[in-house]
Amino acid sequence: MMQITPRLTFINLLERNRPQAMAWIRGNEANPGLSGLVKFYATSYGGVLVEAEIFGLPDKKEHSSDFYAFHIHEDGDCLDNFAHVGSHYNPGKTEHPQHAGDLIPLLSNQGYAWVSFYDKRFTIPEIIGRAVIIHGHRDDFTTQPSGDSGEKIGCGIIRLENRM
């Protein structure tokens, strides 16, 4: 007898359902080849399943792997090299890395990253209109207020998915 676990529910969501929200990622002026899609799925467990597929990450060495900080920021304004996205989304006024917008890092392999994870610190309605940001360095999970994660190299605004 197969036991239904959250993992099986999440696999089903990713394979058979449309996300409730998405953010199309584009790179800054120095990283025009950076692009990708971040999808947000509501779950029956009260949290959000997040899936990200990112291309063109600027790994430091050819044929290498690098980590990149990945956050939800307060404001959905990707203009001016992402200068107006505000701080990390942090409705609980907690210290980094406990902000609701502190996501797990992206692990790039030769410029490509794919990740899926479950998070109960925010709901989809709370993040609509905010920005997903990829930073140029890894998050050290210590430095306040943002983990010393470097410049913003990728940005996308979280939007409701059209249900046509």
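Computed from a prediction, not measured in an experiment: that's the story for all the values here.

How each quantity is defined
- In this numbering scheme, every chain counts its residues from 1 along its sequence in written order.
- In view of the model being predicted, local features appear only for residues whose pLDDT reaches at least 70, and side-chain atom pairs are presented and counted only at 80 or more, with totals across whole chains, interfaces and linings using the full set of residues.
- Heavy atoms throughout the structure, all of them, feed into the side-chain values; hydrogens and water do not.
- A simple rule labels every residue: compare its accessible area, found with a 1.4 Å probe on the protein chains alone, to the largest value its type can have, and call it buried under 20%, exposed over 50%, or partly exposed in between.
- Per the convention used, a helix needs a DSSP run of H or I reaching at least four residues, while a strand needs a run of E reaching at least two, with both numbered from the N terminus.
- At least two bridges found by DSSP between two strands is the condition for calling them paired.

We now examine the pairing of strand β1 (residues 21–27). For β1, the tally of buried residues reaches five of seven residues, placing the bulk of the element in the interior. Here β1 runs beside strand β2 (residues 35–42); their pairing, made up of six bridges, is antiparallel. When the sheet's bridge partners are listed, R26 is paired in β2 with S35. Pairing geometry for β1 and strand β10 (residues 159–160), over two bridges, is antiparallel. Residue M22 lies in a different strand from β10, and its bridge partner there is R159. Taken together, the two bridges between β1 and strand β9 (residues 152–157) define a ladder with antiparallel strand orientation. In the strand pairing of β9, R26 is matched with C155.

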